[in-house]
Amino acid sequence: MKILVVNAGSSSLKYQLFDMDTGDVLAKGLCERIGIDGAITHKRPGKENYKSEAPLKDHKAAIELVLSLLCDPDLGVISSADEIGAVGHRVAHGGEKLRQSSVIGEKELEYLESIVEINPLHGPPAISGIKACQSVMPNVKHVGVFDTSYYSTMEEKAYIYPIPYELYEKYKIRRYGFHGTSHRYVCQKVMDILGNKDAKVITCHLGNGSSITASVGGRAVDTSMGFTPQEGVPMGTRSGSLDPTVVTYIMKKEGLNPEEMEKLLNSKSGLLGVSGVSSDCRDVMIAEGEGSKRSALAMEILVHYIKKIIGSYVAEMNGLDALVFTAGIGENDGVVRELICKDLSYLGVEIDSEVNLGAKRGTQTEITKAGAKVRTFAIPTDEEYMIALDTYALSK
Ligand code: ADP
């Protein structure tokens, strides 16, 4: 069966077509500037990329263009859209009710619409992406794979915030967790490697957005992102966790309204806010090498917070079998991995510096030092493949 995976953003739509018999990606690409003007990049392994500018008035126009390219005699990889057996949609937020990947019907769409208030950035484009695909491909199943659903196994003590309980009841303010599909994917990979179905695993998804998840036996017990992807470790432009009073104090002193304050925390903080240089880890490290003290500080803070979370999760799980790094920074940056793992030997984490720094970018590498109690890995994530697998399972 062939599965199309779709990830719709506010002005973008990413796609990947998988052949589930082989696990191969037949084609993938990105529609950009939807609703503005429109552009598409279409890629097929081993062939030249195709790029064009095309008016894309909405997500429906984008998916129509994607299908016409996938079926194009020259640029395509299938002869007709009927070859697509099902469509998997990446959906950031499944709220409290969509606790596992699900076929999306009217009831599910209605529920997604009802939780837009707690997911204002990612909810509307995901819904419009699903609706567009359903209207263009009405005869196949459309499956939603939710970033939050991996966290449906967390206990109340991990997801209820210590604020008046009525606020949870009234507004569903709680820890939801994000990047769940990525954490689930790399956690499963490492459990397969260890051959231990009860393994205690910490997965560090470190990219522009970063989150850390603790799992026991492939079930999440805690995660650093919370009600929104704003909580947890510092990120490219997001602050991560703060003393809540810092927020109200800044609002008073700077005269900011809630939207302006959210912008400050979301887009002007993190690596960018402290370094004043960039949100990109590579740029910040280059600036550090050139003597920027604030860039050095930004990196120190990043590593400091990540270590604190790792330590707290070991305490929470009363042990650790494997530590995994994934996403842009986690997969590719041996220096950051080394800084995080330094002085974690008390917890059993020790890495082989030479193997770690020599690890080929984007390849699965075990970086454990010989004899260390905990096994440490860099594992490339593949959220799209995970979405395809769930979609396939629900479409057979
Ligand atoms: P997103 O959260 O947007 O998916 P990514 O997972 O692509 O982000 O991660 C982006 C981050 O990864 C940036 O901070 C970037 O500096 C870092 N990164 C990407 N590639 C490399 C690399 N080869 N070496 C070091 N850092 C990298």
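Refer to the structure above for everything that follows.
Conventions adopted
Residues numbered from 1 in each chain as written. Predicted model: local features only at pLDDT ≥ 70, side-chain atom pairs only at ≥ 80, totals over all residues. Heavy atoms only, no water. Helix = DSSP H or I, 4+ residues; strand = E, 2+ residues; numbered from the N terminus. Rg over C-alpha atoms; globule rule 2.2 N^0.38 Å. Buried < 20%, exposed > 50% of the residue type's maximum accessible area, 1.4 Å probe, protein only. Contact = heavy atoms within 4.5 Å. Near = heavy atom within 4 Å. Polar contact = N/O pair within 3.5 Å; in protein donor to acceptor, adjacent residues only side chain to side chain. Areas by Shrake-Rupley, 256 points an atom, 1.4 Å probe, with all protein chains shown as cover. Expected span 1.5 Å × (residues − 1). Core = buried A, V, L, I, M, F, W, Y, C linked by side-chain atoms within 4.5 Å. Phe/Tyr/Trp six-rings, centres within 6.5 Å; stacked < 30°, edge-to-face > 60°. Lys NZ or Arg CZ within 6 Å of the ring centre and 35° of its normal. Patch = residues over 30% accessible without salt bridge, like charges linked within 9 Å, V, L, I, M, F, W, Y side chains within 5 Å. Salt bridge = Lys/Arg side-chain N within 4 Å of Asp/Glu carboxyl O. Axes fitted to C-alpha atoms, helices over the stretch in contact; angles between N-to-C directions. Parallel < 35°, antiparallel > 145°, perpendicular 65-115°, else oblique. Nonpolar A, V, L, I, M, F, W, Y, C, P; charged D, E, K, R; others polar.

Draft legend 1. Looking closely at the overall build of the chain. Helix and strand content of the chain: 15 helices and 14 strands. Relative to the compact-globule value of 21 Å for 396 residues, the chain shows a C-alpha radius of gyration of 21 Å, a close match. Considered along the principal axes of its C-alpha atoms, the chain spans approximately 60 × 55 × 45 Å. Across the 396 residues in the chain, those meeting the buried criterion constitute 49%. Sequence separation of 24 or more characterises 60% of the internal contacts of the chain that already satisfy a separation of 6 or more.

Draft legend 2. Structural view of the site of the ligand. Gly 207, Asn 208, Gly 209, Asp 280, Cys 281, Arg 282, Ala 327, Gly 328, Ile 329, Asn 332, Asp 333 and Arg 361 make up every residue found near the ligand. Cys 281 is positioned such that a nitrogen or oxygen atom in its backbone is 3.1 Å from an oxygen atom of the ligand. In the environment of the ligand, an oxygen atom lies 3.2 Å from a nitrogen or oxygen atom belonging to the backbone of Ile 329. Here the ligand has 570 Å² of accessible area as a free molecule, and 72% of this is covered by the chains. Looking at the shell around the ligand, the elements with two or more residues in it are helix H10 (281–289) and helix H12 (327–332).

Draft legend 3. How the structure looks around helix H15 (residues 383–395). The terminal C-alpha atoms of H15, which comprises 13 residues, lie 18 Å apart, in line with the 18 Å expected from a rise of 1.5 Å per residue. The set of residues buried in H15 consists of Glu 383, Met 386, Ile 387, Ala 388, Asp 390, Thr 391, Tyr 392 and Ser 395. Turning to H15, the residues buried within the fold contact strand E1 (2–8), strand E2 (13–19), strand E6 (84–91), strand E8 (141–146), helix H6 (180–194) and strand E9 (200–206).

Draft legend 4. Highlighting the nonpolar core. If you look at the biggest cluster of nonpolar residues, it comprises 31 residues, and the most contacted ones within it are Ile 202, Cys 204, Ile 212, Ile 306, Ile 310, Leu 323 and Ile 340. Mapped by element, the contributors of at least two residues to this core are E9, strand E10 (210–216), H10, helix H11 (293–317), strand E12 (322–326) and helix H13 (334–341). Ranked by residue count, the leading element in this core is H11, at 10 residues. Apart from residues lying up to four places away in sequence, Cys 204 is in contact with Ser 211, Ile 212, Ile 310, Leu 323, Val 324, Phe 325 and Thr 326.

Draft legend 5. Expanded view of the packing of aromatic side chains. Scanning the model with the defined rule gives five aromatic pairs in all. When the ring of Tyr 176 is compared with that of Phe 227, the centres are 6.3 Å apart and the planes differ by 35°; the resulting orientation is tilted. In this pair, Tyr 176 is assigned in the loop between helix H5 (165–171) and H6 and Phe 227 in the loop between strand E11 (219–223) and helix H7 (244–254), connecting sequence segments 51 residues apart. The class of Tyr 176 is buried, set by a relative accessible area of 2%. Under the relative-accessibility criterion, Phe 227 is labelled partly exposed at 24%. An aromatic cluster of at least three residues, connected via ring pairs, comprises Tyr 159, Tyr 165 and Tyr 168. In this arrangement the basic side chain of Lys 172 is found over the ring face of Tyr 168, its NZ or CZ atom lying 4.8 Å from the centre. When the ring centre of Tyr 305 is taken as origin, the NZ or CZ atom of Lys 308, which lies over that ring, is 4.9 Å away.

Draft legend 6. Just the side chain of Thr 203, in detail. Tracing the backbone through its elements, the reader meets Thr 203 in strand E9. A polar contact of 2.8 Å, which involves the side chain of Thr 203, links it to the side chain of His 183. Ignoring anything within four residues of it in the chain, the contact list for Thr 203 reads His 183, Val 186, Cys 187, Ser 211, Ile 212, Thr 213 and Val 324.

Draft legend 7. Spatial organisation of a nonpolar patch on the surface. A grouping of Val 335, Leu 339 and Leu 357 is seen on the molecular surface, where their side chains present a nonpolar patch of about 250 Å² in accessible area. Within the fold, Val 335 resides in helix H13.

Draft legend 8. Spotlight on the environment of Ala 370. Here Ala 370 lies in the loop between strand E13 (365–366) and strand E14 (375–378). Of the residues examined, Ala 370 reaches a relative accessible area of 76% and is grouped as exposed. Distance from Ala 370 to Ile 301, taken between C-alpha atoms, is 29 Å for residues 69 residues apart in sequence.

Draft legend 9. Quick peek at the packing of H6 against H15. In contact at an axis separation of 9 Å, H6 and H15 are set at 85° when each is read in the N-to-C sense. Judged on the interaxial angle alone, H15 and H6 are roughly perpendicular. When H6 is examined against H15, the residues Thr 181, Ser 182, Arg 184, Tyr 185 and Gln 188 are found in contact with a partner set consisting of Glu 383, Tyr 385, Met 386, Ile 387 and Asp 390. Among the residues making up the contact of H6 with H15, the classes are represented as four nonpolar, three polar and three charged.

Draft legend 10. Up close: helix H1 (residues 59–70). An ideal rise of 1.5 Å per residue puts 16 Å on 12 residues; H1 measures up with 16 Å between its terminal C-alpha atoms. All buried positions along H1 are accounted for by His 59, Ala 62, Ile 63, Leu 65, Val 66, Leu 67, Leu 69 and Leu 70.

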